[in-house]
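Next come the chains, spelled out residue by residue.
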Amino acid sequence: MIDEVHHHVLSVLVEDKSGVLARVAGLFARRGYNIESLAVAPTSDPGLSRITITVNVDTAPLEQMVKQLNKLVNVLKITELDPRHSVERELMLVTVQADGAGRREVIELTQVFNGRILDVGHHAVTIALDARPDRLDTFETLLTPYGVTSLQRTGRVALPKIDNGA
Amino acid sequence: MDTSDTPAKPPTTDGAAPERINGGQALIRALELEGTDTIFGLPGGAILPVYDPILDSPIRHILVRHEQGAGHMAEGYAHATGRPGVAMVTSGPAATNIVTPLCDAYMDSVPMVCITGQVGTKSLGTDAFQEADTVGITRSVTKHNELVTAAADIPMKVRQAFHLATTGRPGPVLLDIPKDVVDPNNPDAWFDWYWPTDDEVRASLPGYRPTTTGHPRKIREAAEMILAAERPVLYVGGGVLKARAAEVLRELAELLQIPVVTTLMARGAFPDDHPLCLGMPGMHGNYTAVTAMQRSDLLVALGSRFDDRVTGKLDEFSPDAKVIHVDIDPAELGKVRNANVPIVGDCRQVIEALVADVRKLGGAEAATDIGAWRSTVSGWQEKFPLTYEQSEPGELLKPQFVLEQLRDLSPEDTIVASGVGQHQMWASQFWTFRHPYTWINSGGLGTMGFSVPAAIGAKVGMPGRTVWSVDGDGCFQMTAQELVTAATERIPVKVAILNNAYLGMVRQWQEMFYEERYSEVYLSPDLPDYVKWAEAMGCVAFRVESPEEVAPTIRKANEIDDRPVVIEFRTDSAEKVFPMVPSGKGNDEIVVSQGVVPNVAAAPHDADQAEGVAQ
């Protein structure tokens, strides 16, 4: 679970070259900071990728981290995304025990959360849910009593909210 | 994933047919075109194809005896000349051997380009013979590094490397080049030669745009703050030397008569014999430089980075001072101490703009009268000069005495390269640096063994100058083998070993802070026999044990100009470096000599003066 008070989301636009992720991750590792989640993928701009990093760091060291990141030759731009002014999503795949009465409850929960069932077995189902990370946390908590067999989250991705001049 | 920076169509010259060239030739030609006159290196399997075209190149290659030597020579060359040093070694153990110099250059912002060989691209990641993940290993000790995967990329990668190494905050850049990329027998290693333009180089580095011009509003604010200050100090760091800003620094200091401290990395940036020069601050700085910063109401930090060896205990450092901080690296601003006026920019450009603004605002006439401050400062200088006790007849030499003699008997523009430890501090304290780029040392990393190879590199870059390596016996044993290089290549450096038979600085700490429990610091004065060793390496060598031999031997050494000279001075192992701010203590607790702590012991007598100044 992510500490919502100290967590910061950085959106880092980088050149799509080998070793860039290692450079970025290395700056955090060197200072002993743990990266909570990390998502990397190409952008619409060819040759550029966006790295979305969630870290649990106080504001002052984070400022220094951002400055150090900016010094990396392959880093083009860093934006800290304020959760109030950004949209965030994360995808979770979870396989959960679903037997007897539990099976119906799990399916109902999935519907409540707008998840989808991707795979069905005699005793288990695999569910996909994309939502705000805190919704995934809740869903995960609610599923736990049924017996989670395996679970994979992607780490959050985020973009700034569109400014409509309001 | 696209890893090629090669423009789609290589431009041709004058419409002539493009010239076919292989990767190895291209690398050497690219180095030539970047102005490289010297490569410090040592060949091996993976870099073999690049060593062949060296035979046809005007570049001088200096064959070192250990790859660490190549790195420090490149650093010494860069320190002395301001031009990037170039080192070239093979893969695996050679690359790991040069990690220390890379880290050293990174810490001290030394422009350096390092070429390493690598196993062929098909063998990468297979634990091939002499394979090491050089790019991975050196990532955190270089400004930038890259694996070059195509011969046609070489011209652009080399141009990028020099651009990155020499602009912004300078630093080491490494290119790791797999053997097949430079192998003339590989058809894929041949390509149509091209040389990227400056614009193409800049365009290829979209994430690299160093700010060199300071923000005009901030500079104006800084100028006003300097004019208003009552107890200003110019806190000058290595960035001033990197920016070639010594002249304009002097203009600023003299314009408003502001005292100047020069950090270990900035010795020589302001002349030591100038009335405004207070010398070196920090852990082994002199009382006046340390205390002026402590009592200051405005620190003008120019290319300095509030290193822990300067600040001492941070909470107690310069408590009343506002801070103007000028640095080309934005990450330095606010890293250690928050600045009231942070200015990102090249020191020379910013100081020039500051001087112009100060003049516009009325110059010295408009400045607060700081006469009282200057006389307080001169009072400290008179009361607490650097001192040491001369040896009694029959006792071992005092290292400070040796350095004073060396200083007085060598040409004024002598370049001094030191190792790390007591001898480094004494050299910095007792030499009189009158010119920039005459002091070369390992400041940030504190690399023992730096001196001999750095001195060789400096001498290669500045052959007309006298170059003295001031070394300790512990340091000398780490890299002395490079004197073989110096003798072979006829590089007449001079080495003064201050042989106190100990790892002296560690001994000093064990004496002061570990109740004289000496653990693993004794080295013996006689083993090795430094004179025989130096002679075996092709040097002229002398041993000096008594004060009256010091001057004549130095004179003899200074007259030798066709081979390296080593003088071993037998010095007093009990001698300690003072002043000293004990580790972890505030700078007010400075100990000026054994047991003398002026700001604490003498407080009742000095209270008026000290407090009057502090407020």
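Data block above holds the structure.
Quick caveat, the model's predicted, so the values are computed rather than measured.

(A) Expanded view of the nonpolar core. Counting 201 residues, the largest nonpolar core has Val236, Val240, Leu249 and Leu302 of chain B as the members making the most contacts within it. Apart from residues lying up to four places away in sequence, Leu249 of chain B is in contact with Val236, Val240, Ala269, Phe270, Leu302 and Ile351 of chain B. In this structure, Val94, Leu129, Phe139 and Leu143 of chain A belong to the second largest nonpolar core, which totals eleven residues.

(B) The sheet that holds strand E10 (residues 260-262) of chain B, seen in detail. Residue and element names in this part refer to chain B. Reading across the sheet, the six strands line up as E11-E10-E9-E12-E13-E14 and stay open at both edges, with parallel pairing between neighbours. Because the sheet does not close on itself, it has two edges, and the strands there are strand E11 (277-279) and strand E14 (341-344). The mean inter-strand angle of the sheet, taken between neighbouring strand axes irrespective of direction, is 20°. Bridge count for E10 against E11 is two bridges, and the pairing is parallel. Bridging across to E11, Val260 finds its partner in Cys277.

(C) Main features of the packing of helix H1 (residues 23-33) of chain B against helix H7 (residues 154-166) of chain B. All names here are of chain B. Contact pair H1 / H7: the axes reach a minimum separation of 9 Å and the direction vectors enclose 30°. Taken together, the axis directions place H1 and H7 in an arrangement best described as roughly parallel. Judged by the twist between their axes, the crossing of H1 over H7 is right-handed. For the pair formed by H1 and H7, the contact residues are Gly23, Ala26, Leu27, Ala30 and Leu31 on the first element and Ile154, Pro155 and Val158 on the second. Of the residues that constitute the contact of H1 with H7, the class distribution is seven nonpolar, one polar and no charged.

(D) Representation of helix H5 (residues 99-107) of chain B in the model. Residue and element names in this part refer to chain B. Most of H5 is tucked away: seven of the nine residues are buried. Turning to H5, its buried residues are Val99, Thr100, Pro101, Leu102, Asp104, Ala105 and Tyr106. The secondary structure elements touched by the buried residues of H5 are helix H3 (67-81), helix H4 (93-97), strand E5 (112-118), helix H6 (134-138) and strand E7 (172-178). Of the residues one or two after H5, Ser109 is the one with positive phi, at around 55°.

(E) Geometry of unusual backbone geometry. Residue and element names in this part refer to chain B. Following Leu527, the chain continues to Pro528 via a peptide bond in cis, the omega torsion being 0°. Position of Pro528 relative to the elements: it lies in the loop between helix H23 (504-513) and helix H24 (530-536). Looking along the chain, the bond that leaves Phe578 and enters Pro579 is cis, with omega of -5°. For Ser109, which is not a glycine, the phi torsion comes out positive at approximately 55°. Relative to the elements of secondary structure, Ser109 occurs in the loop between H5 and E5. Accessibility expressed as a C-beta count within 10 Å gives 24 for Ser109, which makes it buried. Look at Glu516: it is not a glycine, yet its phi comes out positive at around 55°.

(F) Local environment of the pairing of strand E5 (residues 86-97) of chain A. Residues and elements named next belong to chain A. Strand direction decides the pairing type here: E5 and strand E9 (residues 157-160), joined by four bridges, are antiparallel. Across the sheet, residue Ser86 finds its bridge partner in E9, namely Pro160. Direction of pairing for E5 relative to strand E7 (residues 124-131): antiparallel, over a ladder of eight bridges. Within E7, the residue paired with Glu90 across the bridge is Ala131. One ladder, built from five bridges, connects E5 with strand E8 (residues 148-153); its direction is antiparallel.

(G) Representation of the interface of chain A and chain B within the structure. Contacts between the two partners involve 19 residues from chain A, matched on the other side by 15 residues from chain B. Put simply, the parts of the chain that give the side of chain A that touches chain B at least two residues each are helix H1 (20-30), helix H2 (59-71) and strand E4 (75-81) of chain A. Residue composition of the side of chain A that touches chain B, by class: five nonpolar, seven polar and seven charged.

(H) The arrangement of the sheet that holds strand E2 (residues 38-42) of chain B in detail. Residue and element names in this part refer to chain B. Ordered by their spatial adjacency, six strands build an open sheet running E3-E2-E4-E5-E7-E6, and the pairing between neighbours is parallel. At either margin of the open sheet sits one strand with a lone partner, and together these are strand E3 (60-63) and strand E6 (144-147). For this sheet, the mean angle separating the axes of adjacent strands, direction not counted, is 20°. Judged from the four bridges that link them, E2 and E3 form a sheet pairing that is parallel. Bridge pairing in E3 places Gly41 opposite Leu63. Where H3 meets the sheet, it contacts E2, E3, strand E4 (85-89) and E5, and its direction lies at approximately 170° from that of E4.

Rules used in this analysis
- Residues numbered from 1 in each chain as written.
- Chains lettered and ligands numbered in written order.
- Predicted model: local features only at pLDDT ≥ 70, side-chain atom pairs only at ≥ 80, totals over all residues.
- Core = buried A, V, L, I, M, F, W, Y, C linked by C-beta atoms within 7 Å.
- Buried ≥ 20, exposed ≤ 12 C-beta atoms within 10 Å, placed from the backbone.
- Contact = placed C-beta atoms within 7 Å.
- Pairing = 2+ DSSP bridges.
- Helix = DSSP H or I, 4+ residues; strand = E, 2+ residues; numbered from the N terminus.
- Axes fitted to C-alpha atoms, helices over the stretch in contact; angles between N-to-C directions.
- Parallel < 35°, antiparallel > 145°, perpendicular 65-115°, else oblique.
- Left-handed = near helix turned anticlockwise from the far one by under 90°.
- Nonpolar A, V, L, I, M, F, W, Y, C, P; charged D, E, K, R; others polar.

Everything listed here is a matter of geometry and, on its own, says nothing about what the molecule does.
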